[in-house]
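Coordinates in review
The lines below spell out each chain.
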Amino acid sequence: MSPAATLAAAATTTGPGFLSPTGVEIAFVLVGLATLGAALVTVTTKQLVHAALWLVVALGGIAVEYLLLTAEFIAWVQVLIYLGSVVVLLLFGLMLTKAPIGRSPDADSGNRWIALGVAVVAAVSLVWVVVDAFRTTWIDLDGPAQGSTKVSGEILFQHWVLPFEALSVLLLAALIGAIVLSRRNASTDASDTSDKGQR
């Protein structure tokens, strides 16, 4: 057997290597960096509407990452639920509570460094958990799709039923809270207007 054939056989038996990125891996890293940048702008901007719009970019980047991982169903769920529902809910909440459109200096609570420390600790913990859980696991992009509707539905309704239902209750509570806040502000404004009219 020639040396080239030996090297080729060794490469096929040892699996993919970290020093040989493909086009999909390069695109994954680039989209991830863009998503990270959008997320940073989301939490650092002082304009609430701009923060919501940058959140759209960040969540859209996550959907693209799912597409690159051949999880088309999860990507479309990301688009439909988060981009089509959660962000729209946030925008309606901003409009109903009469949030300022321009810069909001009072939006900064002064706990920026504490929040940054908590975010760094949470990110390091999440990365460590993911790396420890999937250190020896490789996704075969040429094999059967792992993010198909059938596989995702079986995993979701066998192992993640309670978190799924808890998330739906959380979204319902957020919607009810936005409606209550908007009605309270509307009744307060109406009472102020009537008091001024009587004076």
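Only a predicted model underlies this, so the values are computations on that prediction, with no experimental measurement involved.

So, the overall build of the protein chain
A count of helical and extended segments in the protein chain gives 7 helices and 0 strands. Burial status across the protein chain gives 13% buried among its 199 residues. Taking contacts inside the protein chain between residues at least 6 apart in sequence as the whole, the part at least 24 apart equals 71%. Counting every atom, the protein chain has about 14,800 Å² of accessible surface; 73% of that belongs to carbon and sulfur.

Here we look at the side chain of Thr42
Here Thr42 lies in helix α2 (residues 23-44). Overall, the relative accessible area of 16% leaves Thr42 in the buried class. Among the polar contacts listed, one links the side chain of Thr42 to the backbone oxygen of Ala38, at a separation of 2.7 Å. When neighbours within four sequence positions are excluded, Thr42 is seen to be in contact with Ala51, Trp54 and Leu55.

Quick notes on the packing of aromatic side chains
The geometry of an aromatic ring pair is captured by two quantities: the separation of the ring centres and the angle between the planes. Taken as a whole and assessed by the stated rule, the structure comprises 1 aromatic pair. Relative to Phe164, the ring of Phe157 has its centre 6.2 Å away and its plane inclined at 65°; by these criteria the two rings are edge-to-face. The class for Phe164 is partly exposed, based on a relative accessible area of 36%.

Details of the side chain of Thr35
Locating Thr35 in the fold gives a position in helix α2. The class for Thr35 is buried, based on a relative accessible area of 12%. Aside from chain neighbours lying at most four places away, what touches Thr35 is Ala58, Gly61 and Ile62.

Some thoughts on the environment of Ser168
In this fold, Ser168 is placed in helix α7 (residues 161-198). Judged by its relative accessible area of 34%, Ser168 is partly exposed.

Examining a nonpolar patch on the surface
Where nonpolar side chains cluster on the molecular surface, the patch consists of Ile26, Phe28, Val29, Leu30, Leu33, Leu36, Leu40, Val43 and Leu69 and spans about 840 Å² of accessible area. Inspection of the secondary structure puts Ile26 in helix α2.

Scoring rules and cut-offs
Residues numbered from 1 in each chain as written. Predicted model: local features only at pLDDT ≥ 70, side-chain atom pairs only at ≥ 80, totals over all residues. Heavy atoms only, no water. Helix = DSSP H or I, 4+ residues; strand = E, 2+ residues; numbered from the N terminus. Buried < 20%, exposed > 50% of the residue type's maximum accessible area, 1.4 Å probe, protein only. Contact = heavy atoms within 4.5 Å. Areas by Shrake-Rupley, 256 points an atom, 1.4 Å probe, with all protein chains shown as cover. Polar contact = N/O pair within 3.5 Å; in protein donor to acceptor, adjacent residues only side chain to side chain. Phe/Tyr/Trp six-rings, centres within 6.5 Å; stacked < 30°, edge-to-face > 60°. Patch = residues over 30% accessible without salt bridge, like charges linked within 9 Å, V, L, I, M, F, W, Y side chains within 5 Å. Salt bridge = Lys/Arg side-chain N within 4 Å of Asp/Glu carboxyl O.

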